[in-house]
Amino acid sequence: MASTLGYLHLHLEPPTCSSPSARPRNGASVLSLRESSATRFFRRDPTHIVCRFDPFIRAAEEKGGILFGVGWAEREGNRQILQAFGFGNGGTQEEAEDVDDDDDLDGEDADEAITDDALRETIKTSKEVLAMQKDLLRQIAERRKLVSFLKRSAVNTNLETNSFGDKDDCFLSNQSSTSEAVDAEYSRTIFFDGHHKKLPHEQEAKNNVLDASLAVVLGLSREVSLEPTETVTVSPSPSKRSGSYTSEVKDFEEFKGKNIQGEKPDHMVASKEEDKSFCALAGKNVMNIILVSAECAPWSKTGGLGDVSAALPKALSRRGHRVMVVVPRYENYSEACDTGIRKRYTVSGQDMEVAYFHAYIDGVDFVFVDSPIFHDCKNDIYGGNRVDILRRMVLFCKAAVEVPWHVPCGGVCYGDGNLAFVANDWHTALLPVYLKTYYRDHGFMTYARCVLVIHNIAHQGRGPLDDFNHVDLPGQCMNLFKLHDPVGGTHFNIFAAGLKTADRVVTVSHGYSWELKTQDGGWGLHGIVNEIEWKFHGIVNGIDSKDWNPKLDAHLQSDGYANYALETLRTGKSQCKAALQRELGLPVRADVQILSFIGRLDHQKGVDIIGEALPWIMSQDVQLIMLGTGRPDLEEMLRRFEREHRDKVRAWVGFSTRMAHRITAGADVLMMPSRFEPCGLNQLYAMMYGTVPVVHAVGGLRDTVPQFDPYSERGLGWAFERAEANMLIDALRNCLKTYKKYKGSWEGLQRRGMMQDLSWGTAAQRYEEVLVAAKYQW
Ligand SMILES: Nc1ncnc2c1ncn2[C@@H]1O[C@H](COP(=O)(O)OP(=O)(O)O[C@H]2O[C@H](CO)[C@@H](O)[C@H](O)[C@H]2O)[C@@H](O)[C@H]1O
């Protein structure tokens, strides 16, 4: 190869990040570069380097013009080996020199001297990585042959290639078993000894990243750790929720050119238009983000956590981040395919295997952690006794924290270089504890961060101190979990440990962030919340404006319901109201006001306050529709309401997403007399559908439902000051009067509600700020 081709365009990122093809140019966090004896760098912009580096040239000569290699850089005073690969066919010397002198790092930066030792270390590591690359190239060459062979076979035998069928499973499990001994060893190293004495897995994880990166660069396979026989592309189409992996055997030569210029794995390649917005939103803050949650809609949902776990990641992805959701696989989900990756973790002394399933939907990687202990609770995901739940969460958190090392998504592992976890509620509050105790304190995942989100502090993972034995942590960690309060005495508290170890903590509204610091609102954790105030943020949830949009809502497209928008509010909403009355067997009347309630039946939601107010409510010209499931006594109360007032009340005891949408569209009023409400999503959904909220002014409800002022025609609903039946009745009286007598004001309320931007866009930006703050915090 001519020496003029020895100039490499290198797009840089921190070590063990996904790969340049997975991370776009604007996603790197390299702040400065230095010149080494063997290297000549010209910086074009912070992440795009043109460099000459003899080993690159040698590798290129051997491999016919594909350049790749390692560089090194400094970031916040810490020198790092950049395992990023340059790729492309190299630029010309003129091109390389056509860079401002200011950009040549011989300049003022050069006086920051590098010690010889450090330099030697860098060169040594570079050589090691190059040796690994060489070895990988050899493997790749072999796999090329295999690809051609299989392609021929596919033609000959009409091989089915559009799903992960038995063939693929065999293939994957073969691979998996080969690494099992190492995995088991690793698990023991990490979780039994408490010290990371050796690195087999670390090395393996690096190899995964490196291997997969090369595979993508060279367009060979989605996952080198599998086998080379297929390139897997994943349908990104949201309408194809059922769409699973499509495996295609692609010709190496044809694919090489495409991927050499690519920035992302195949399944992430966006249109030019999308790419533009990609650059504009997150800019240089682009990160790898992994949201870890016990539930995620539509697969598993008991309440608002499931909604947030589904919607926030999509919004972060739209800002340009690479985003994954990790959630247990409670049952067989048709969208998710077995990756073939198997790992073993120890829970309370018992060795357990997990499998990882994957789907790519709406720009988000969904990774499902599979184990029999999750299947056992598919109908009640928080069911079982305290220790059962704890063991599930221990396994889940252990498995989730290593996902970025083990699970290639679209061919490329996320890696831990530019990574932030978002853990949610007490169920995953062990994740920041594990991340710190087993990894970061031992020099692994050094750059990974964890933000813990409080959706509801009433559930904390409390238990006797003996529960500590189940979490497999060294004895000195006990203090993180030990809490004393008047209710529980001295006890074991998982949320407490998570709050202390997380890099940042977010809660889901400003009102609730204030309440959590008070004795009443903190549920025993207010002391800790006050101590961590410096890292504590309130961000009001958004809503998924595709799922919860009266214009698009799929549940309004049959049975006489209708989609509607601001312009068609009157006709559309009346049609939905009539359809709802008909469906539930209530008298179909346009002039009667429909009051509604949707939610978990527990103390928090104040459904018993509606019960107390029922005699007054039934004395009015209203209909009442209630949907909920939860405490048996409250379920029975709902059934009784219906039995006693069959002409006016309908109670749907159970969980029905379809009915939740239809009630939200058809009702006039949504009641939320919650005793506390961290954010509340139903009032947001209601407002989007022109349904007026009547709420207890607490937490997120206070933040999102300003009281209606008839004089200035402002406000979005009624917000009463105390969670008491008489306060609810007062608010309902005014609400009913406005509905009956002041039609214009009523429509104004509806329209103002519908015109708000309640989408996740702004909230996602706030999350991004918090994640960036965590990233640069040591
Ligand atoms: N029987 C049923 N059938 C169908 N759908 C049902 C249902 N019961 C509830 N839902 C749905 O579940 C969700 C509940 O949302 P909330 O915000 O009220 O949640 P929750 O209190 O569980 O969550 C916690 O987390 C969320 C998210 O952060 C916070 O908003 C909230 O204040 C906090 O308590 C809504 O989508 C609702 O439609």
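Residues numbered from 1 in each chain as written. Predicted model: local features only at pLDDT ≥ 70, side-chain atom pairs only at ≥ 80, totals over all residues. Heavy atoms only, no water.

As recorded in an unreviewed UniProt entry, the chain goes by the name starch synthase, listed as coming from Platanthera zijinensis. If you open the UniProt record of the chain and go to Sequence similarities (unreviewed entry), you find "Belongs to the glycosyltransferase 1 family. Bacterial/plant glycogen synthase subfamily." (UniProt positions renumbered as here; feature names shortened; annotations may be inferred.)

Participant: So what exactly am I meant to see when it comes to the environment of A579 here?
Facilitator: Inspection of the secondary structure puts A579 in helix α18 (residues 569–584). Residue A579 is classed as buried on the basis of its relative accessible area of 1%. Linking A579 and H484, residues 95 residues apart in sequence, is a C-alpha distance of 53 Å. Every residue in contact with A579, bar those within four places of it in the chain, is listed here: D559, G560 and Y561. (Helix = DSSP H or I, 4+ residues; strand = E, 2+ residues; numbered from the N terminus. Buried < 20%, exposed > 50% of the residue type's maximum accessible area, 1.4 Å probe, protein only. Contact = heavy atoms within 4.5 Å.)

Participant: What is the right way to read helix α11 (residues 386–401) from this model?
Facilitator: Along an α-helix, residues three or four positions apart point the same way, because every turn accommodates 3.6 residues. Here α11 is 16 residues long and its end C-alpha atoms lie 23 Å apart, about the 22 Å a rise of 1.5 Å per residue gives. Within α11, 13 of the 16 residues are buried, leaving the element largely enclosed by the surrounding structure. For α11, the N-terminal capping position is held by N385, with its side-chain oxygen 3.1 Å away from the main-chain nitrogen of V387. (Expected span 1.5 Å × (residues − 1). Polar contact = N/O pair within 3.5 Å; in protein donor to acceptor, adjacent residues only side chain to side chain.)

Participant: Help me out: how do you make sense of the sheet that holds strand β18 (residues 489–493) in this one?
Facilitator: Two strands in a sheet stick together by hydrogen bonds in their backbones, pointing the same way (parallel) or opposite ways (antiparallel). Taken together, three strands build an open sheet; the order of strands is β16-β18-β17 and the sheet is antiparallel. Single-partner strands in this sheet number two, and they are β16 (462–463) and β17 (482–485). Note: β17 against β18, four bridges, orientation antiparallel. The residue of β18 that forms the bridge with L483 is H491. Along the sheet face, helix α15 (residues 494–501) touches β17 and β18 and points at about 65 degrees away from the line of β18. (Pairing = 2+ DSSP bridges. Axes fitted to C-alpha atoms, helices over the stretch in contact; angles between N-to-C directions.)

Participant: Looking at this structure, I do not really get the side chain of S513. What am I missing?
Facilitator: You can see S513 is positioned in helix α16 (residues 510–515). Look at S513 and you get buried, because its relative accessible area is 11%. Those residues in contact with S513 that sit more than four places away from it in its chain are T507, F536 and G538.

Participant: Would you mind going over the packing of α18 against helix α25 (residues 743–755) with me for this structure?
Facilitator: Geometrically, a packed helix pair is captured by the angle between its two axes and the distance between the axes. Packing of α18 against α25 leaves a shortest axis separation of 12 Å and a crossing angle of 95 degrees. Relative to α25, the element α18 lies roughly perpendicular. The residues of α25 that touch α18, namely those facing L569, R570 and K573, are E747, Q750, R751 and M754. For the contact of α18 with α25, the class distribution of residues is two nonpolar, one polar and four charged. (Parallel < 35°, antiparallel > 145°, perpendicular 65-115°, else oblique. Nonpolar A, V, L, I, M, F, W, Y, C, P; charged D, E, K, R; others polar.)

Participant: Help me out: how do you make sense of the pairing of strand β24 (residues 669–672) in this one?
Facilitator: Consecutive residues of a regular strand have side chains that alternate between opposite faces of the sheet. Neither face of β24 is open: one carries V669 and M671, the other L670 and M672, and all of them are buried. Examined bridge by bridge, strand β21 (residues 593–601) and β24 share two bridges and lie parallel to one another. When the bridges of β24 are listed, L595 appears paired with V669. Looking at chain direction, β24 and strand β25 (residues 692–696) are connected through four bridges and run parallel. Counted as the bridge partner of M672 is V695 from β25. Considered for its hand, the β-α-β crossover made up of β24, helix α22 (residues 682–688) and β25 is right-handed. (Right-handed = clockwise from strand over helix to strand, strands pointing away.)

Participant: When you look at the packing of aromatic side chains in this model, what are you seeing that I'm missing?
Facilitator: For any pair of aromatic rings, the description rests on two quantities: the centre-to-centre distance and the angle between the ring planes. In this structure the tally under the stated criterion is 18 aromatic pairs. Aromatic pair Y330 and F374: ring centres 6.2 Å apart, planes at 80 degrees, arrangement edge-to-face. One end of the pair, Y330, is in the loop between β10 (322–328) and β11 (337–347); the other, F374, is in helix α10 (residues 372–375), with 44 residues separating them in the sequence. Take Y330: its relative accessible area is 2%, and that puts it in the buried class. Ring centres of Y739 and W746 lie 5.2 Å apart, and the angle between their planes is 85 degrees; on these two criteria the pair is classed as edge-to-face. On the accessibility criterion, Y739 (5% relative accessible area) is buried. An aromatic cluster is defined as three or more aromatic residues linked by ring pairs; in this entry it consists of W299, Y333, F366 and F368. A cation over a ring is seen here: R329 above F357, with NZ or CZ 3.7 Å from the ring centre. Positioned over the ring face of Y739 is K743, at 4.6 Å from the centre of the ring. (Phe/Tyr/Trp six-rings, centres within 6.5 Å; stacked < 30°, edge-to-face > 60°. Lys NZ or Arg CZ within 6 Å of the ring centre and 35° of its normal.)

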